Amino acid sequence: MTDTPSYGFDTLQIHAGARPDPATGARQVPIYQTTAYVFRDAEHAAALFNLQEVGYIYSRLTNPTVSALAERIATLEGGVGGVCCSSGHSAQIMALFPLMQPGDNIVVSTRLYGGTVTQFSQTIKRFGWSARFVDFDDLDAIRAAADDNTRAIFMESIANPGGYVGDIPAVAAVANDLQVPLIVDNTSATPWLCRPIEQGAHIVVHSTTKYLSGNGTSVGGAIVDSGNFDWTAAGKHRSMIEPEPAYHGLKFHETFGPMAYTFHGIAVGLRDLGMAMAPMNAFQTMLGIETLSLRMQRHVENAIRIAEWLEQDPRVEKVTYAGLPSSPYADRVKRLYPRGAGALFTFAVKGGYEACVKLVDAVEIFSHVANLGDTRSLIIHSASTTHRQLTTEQQVAAGAAPNMVRLSIGIEDADDLIRDLDQALDRATA
Ligand SMILES: *Cc1c(COP(=O)(O)O)cnc(C)c1O
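Residues numbered from 1 in each chain as written. Predicted model: local features only at pLDDT ≥ 70, side-chain atom pairs only at ≥ 80, totals over all residues. Heavy atoms only, no water.

### Some thoughts on the side chain of asparagine 371
What counts, and what does not: The way it works is that DSSP assigns letters per residue, a run of H or I at least four long becomes a helix, a run of E at least two long becomes a strand, and they are numbered from the N terminus. Relative accessibility decides the category of a residue: with a 1.4 Å probe and only protein chains considered, values under 20% of the type maximum give buried, values over 50% give exposed, and everything between is partly exposed. Whether two residues touch is decided by their heavy atoms; if any such pair falls within 4.5 Å, the residues are in contact.
Summarising the element assignment, asparagine 371 is placed in the loop between β12 (367-368) and β13 (378-380). Accessibility expressed as a relative area gives 19% for asparagine 371, which makes it buried. The residues touching asparagine 371, leaving out its near neighbours within four places in the chain, are Thr209, Lys210, Gly216, Leu378 and Arg406.

Next up, the structure:
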C-alpha cells in the first residue's frame, strides 16, 4: 500500500512499509535472511555504489525486512525517513554521528535512561564529544549550557525511570533559536502516545527493544528524521554540508535535501560503524508494532489503576506517575500526552533501600529484570542495578533514588497485578 498520511494509526501500524512480497506474493513481510544481493550488471553495481540509484548491496547497509521496519516506524512518527540499527544505544550514537566533530557538545536532559547517562557522560568522551546535563524544565539553563560548539539537544519524551514528561514544544523552540536539532528519545511513549515531530522535534530515536517489539524478544534501535532541519542554513554540521571524501566529494544536504540525514545514516553511519539490525529482529519488531496501539491502551489503563492503588497505600511514600491527577505534570500530560503518560513509573517504599530489595524478591507475577515495555509486568530497583554506576546525586536527578522501585506495567489483569504488589509489600515492609 502507498503510505498516505490520511490513513489512521491502527491501519498504518499494520500496513506501513509492508507490501505483498514481489517475488512470491507472501502477505507477511518475509525474513530476508541474506547477506548480499545480486547486481543486474556492472553498471547497476556502479550506480548503487555511487548512491545514484537506491537498492540493496549488502545487509550491513540495507536489507528488505529491515527497510520495511524502518519505513513503518518513520511513517508512524511522521518522519521522511528512518534507519534501523542493532540497539537503542547504537541508535543514539548513530543519531549523533552525522552531527558531531571532536570538540563538539550536546545539551541533554538530566532525566534520561541510566545507560544513556553513562553513554553520554563517559563513553562519548572517547570520540572527543561531550554532554552537558541540565534540568529541561529550566529553558534558560538549556540556553546557558549551549555554546558555539553545541550541535544538538537531547531529551526523552516520557523519561525513564521517573515518569517525567517533557515539554517538547518548549525545548524545540530553544533548539530552533540555537539552530541545532532537537533529538527526542521516544522509546517509553511510542508514537501512539507522543509524536515528537508534530511537537517540533527534528529527530526521533527509539530503543525498539521495548514497546515497539513489545514481547521482550528482540534488541533493536531506530532513528527517524523529520526532514525539516535546514542543515545548510544552520551551517554547523560539517558532515551534512561539506564534501564527503568517501563519496567523491558529494555534499549530503545539497544532493539529498530532506533525505540527507537518513541517507548519511545508511551510506556513512551503517557502512562504517556497522551497527546493523538483524532481519529476524526486524521481523519480530514489525509483528510487535502491528498491535502497538492496542497494547499501549491497556498498558496505560493498567498503569493508572495500579498507580492510584499505590498512591493511597500506607506502605508507600509516594508515586511519581505523571498520569495521576496529583502529579506536578498533570497539566502537561493533558496538553501534550492526551492519550496517557505511559506505563512506566517509580514509587518510594517506606523502609528505603532494604525494603526495595526485599520487594523485588517477593513479587510473583512481576519479573525482576532490566527491561521495560514488555507485555509482562516488570519491576526493578534501579539504584542497585541499572543506575548503580551513578552517584547518589545522579540517581536522584534521574529519578532513581535508593528508596525508589520502578515498575513497567504490562497488559495482564490489573487485579492480579495489584494482588501481587499487595502481598510483596507485606513481605517487604513486615
Ligand atoms: C532501553 C533504552 C535505551 C537503550 O536501548 P537498548 O535497545 O537497550 O540499547 C535507550 N533509551 C531508553 C529510553 C530506553 O528505555
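Picking up where we left off.
### Side note on the site of the ligand
The test is simple: Consider each residue's heavy atoms; a residue with any of them within 4 Å of a molecule or strand counts as near. Polar contact criterion, stated in full: a pair of N or O atoms within 3.5 Å, where within protein one must be able to donate a hydrogen and the other to accept it, and residues adjacent in sequence count only if both atoms are side-chain atoms. Reported accessibility uses the Shrake-Rupley method at a 1.4 Å probe radius. Residues are deemed covered only where the shown protein chains occlude them. Polar here means any residue other than Ala, Val, Leu, Ile, Met, Phe, Trp, Tyr, Cys and Pro, which are nonpolar, and Asp, Glu, Lys and Arg, which are charged; Gly is therefore polar.
Taken together, 15 residues are adjacent to the ligand, and Gly88, Asp185, Ser207, Thr209 and Lys210 come closest. Contact distances for the ligand include 2.6 Å between an oxygen atom and a side-chain N or O atom of threonine 209. Contact with the protein chains covers 92% of the free accessible surface of the ligand, which is 380 Å². Per-class residue counts for the shell around the ligand are 2 nonpolar, 10 polar and 3 charged.

### A look at the UniProt feature "modified residue: N6-(pyridoxal phosphate)lysine" (unreviewed entry) in the protein
Rules: UniProt positions are given in the numbering used here, feature names are shortened, and annotations may be inferred rather than shown by experiment.
UniProt's entry tags Lys210 with the feature "modified residue: N6-(pyridoxal phosphate)lysine" (unreviewed entry), counted in the numbering of this structure. Setting aside residues no more than four positions away along its own chain, lysine 210 makes contact with Tyr113, Thr187, Asn371, Leu372 and Gly373.

### Details of the packing of helix α4 (residues 88-96) against helix α5 (residues 114-121)
This is how the line gets drawn: Note on method: axes are straight lines fitted to C-alpha atoms, helices fitted across the in-contact stretch only, with angles between N-to-C directions ranging 0 to 180 degrees. Should an angle lie under 35 degrees it is considered roughly parallel, over 145 roughly antiparallel, and from 65 to 115 roughly perpendicular; all remaining angles are considered oblique. Handedness of each helix crossing follows the sense of rotation of the near helix against the far helix: counterclockwise by less than a right angle gives left-handed, clockwise gives right-handed.
Packing of α4 against α5 leaves a shortest axis separation of 11 Å and a crossing angle of 40°. Classified by the angle between their axes, α4 and α5 sit oblique to one another. The chirality of how α4 crosses α5 is right-handed. Here His89, Gln92, Ile93 and Leu96 of α4 lie close against α5, whose contacting residues are Gly115, Thr116, Gln119 and Phe120. Taken together, the residues of the contact of α4 with α5 sort by class into 3 nonpolar, 5 polar and no charged.

### Quick look at the domain arrangement of the protein
For clarity, the cut-off: Where each domain begins and ends follows an automated or database-derived domain assignment. For any pair of parts, buried area is found by adding up, for both, the accessible area (1.4 Å probe) each one loses once the two are put together. The term salt bridge refers to a side-chain nitrogen of Lys or Arg lying within 4 Å of a carboxyl oxygen of Asp or Glu.
What the domain assignment reports for the protein is domain 1 (9-288) and domain 2 (293-429). For domain 1 versus domain 2, the distance between C-alpha centres works out to 29 Å. Opposite the 39 residues of domain 1 that make contact, domain 2 presents 38 residues. Between domain 1 and domain 2, a total of about 3200 Å² is buried, with carbon and sulfur atoms accounting for 55% of that surface. The interface formed by domain 1 and domain 2 contains 2 salt bridges. Put simply, aspartate 167 and arginine 335 hold a salt bridge, and the shortest N to O gap is 3.4 Å. Residue assignment for the side of domain 1 that touches domain 2 shows that the elements contributing at least two residues are α1 (9-15), α5, β6 (164-165), α7 (168-178) and α8 (190-193). Partitioned by chemical class, the residues of the side of domain 1 that touches domain 2 number 16 nonpolar, 18 polar and 5 charged.

### Some words on the environment of proline 191
Secondary-structure assignment places proline 191 in helix α8. On the basis of relative accessibility, which here comes to 3%, the residue proline 191 falls in the buried class. Between the C-alpha atoms of proline 191 and alanine 233, which are 42 residues apart in sequence, the distance is 29 Å. Those residues within four positions of proline 191 in sequence are excluded, and the remaining contacts are Phe9, Leu76, Glu77, Asn186, His206, Leu212 and Leu292.

### With respect to the packing of aromatic side chains
Worth spelling out the cut-off: Here the aromatic set is Phe, Tyr and Trp, taking the six-membered ring for Trp, and pairing holds for ring centres within 6.5 Å; pairs whose planes are under 30 degrees apart are stacked, those over 60 apart are edge-to-face, and all others are tilted.
Tallied over the full model, the rule gives 11 aromatic pairs. For the pair tyrosine 37 and tyrosine 56, a centre-to-centre distance of 5.3 Å together with 35° between the ring planes defines the contact as tilted. Taken together, the residues span a long stretch of sequence, with tyrosine 37 in the loop between α1 and α2 (42-49) and tyrosine 56 in the loop between α2 and α3 (64-77) at a distance of 19 residues. Taking the centre distance of 5.1 Å and the plane angle of 45° together, the rings of tyrosine 321 and phenylalanine 345 count as tilted. Here phenylalanine 345 lies in strand β11 (residues 344-349) and tyrosine 321 lies in the loop between β10 (316-319) and α15 (330-336), a separation of 24 residues in the sequence. Note on tyrosine 321: relative accessible area 1%, which makes it buried. On the accessibility criterion, phenylalanine 345 (0% relative accessible area) is buried. Members of the aromatic cluster, each reached through a chain of ring pairs, are Tyr247, Phe252, Phe256 and Phe263.

### Some details on the sheet that holds β10
Our working definition: One bridge is not enough; two strands pair if DSSP finds at least two bridges between them.
With mixed pairing, 5 strands are arranged side by side in an open sheet as β10-β11-β14-β13-β12. Every interior strand has two partners, whereas the edge strands, β10 and β12, have only one. Pairing of β11 with strand β14 (residues 404-408), which is carried by 5 bridges, proceeds in the antiparallel orientation. Counted as the bridge partner of threonine 346 is arginine 406 from β14. Contacts between helix α14 (residues 292-311) and the sheet are confined to β10, β11 and β14, with β11 contributing the most and set at about 15° to the helix.

### Observations concerning empty space enclosed by the protein
Selection criterion: Think of a 1 Å grid over the protein atoms and nothing else: a 1.4 Å probe that fits but is trapped marks a cavity, an open set flanked by protein within 12 Å on at least five of seven lines marks a pocket, and residues with an atom within 4 Å of a point count as lining. Grid points are joined across faces, edges and corners, and a volume is the space filled by probe spheres set on the points.
The final tally for this structure, using the stated rule, is 2 cavities of 30 Å³ or more. In this model, the largest cavity occupies a volume close to 50 Å³. If you trace the largest cavity, you find it lined by Gly81, Val83, Met94, Ala95, Pro98, Ile223, Val224, Asp225, Tyr261, Thr262 and Gly265. Counting residues per element, the ones that place at least two in the lining of the largest cavity are β1 (81-85), α4, β9 (221-225) and α12 (260-273). Each residue belonging to the lining of the largest cavity can be placed in one class, and the counts come to 7 nonpolar, 3 polar and 1 charged. Space inside the second largest cavity adds up to approximately 40 Å³. Residue lining of the second largest cavity: Tyr113, Lys210, Ala370, Asn371, Leu372, Thr386 and Arg406, and that is the complete set.

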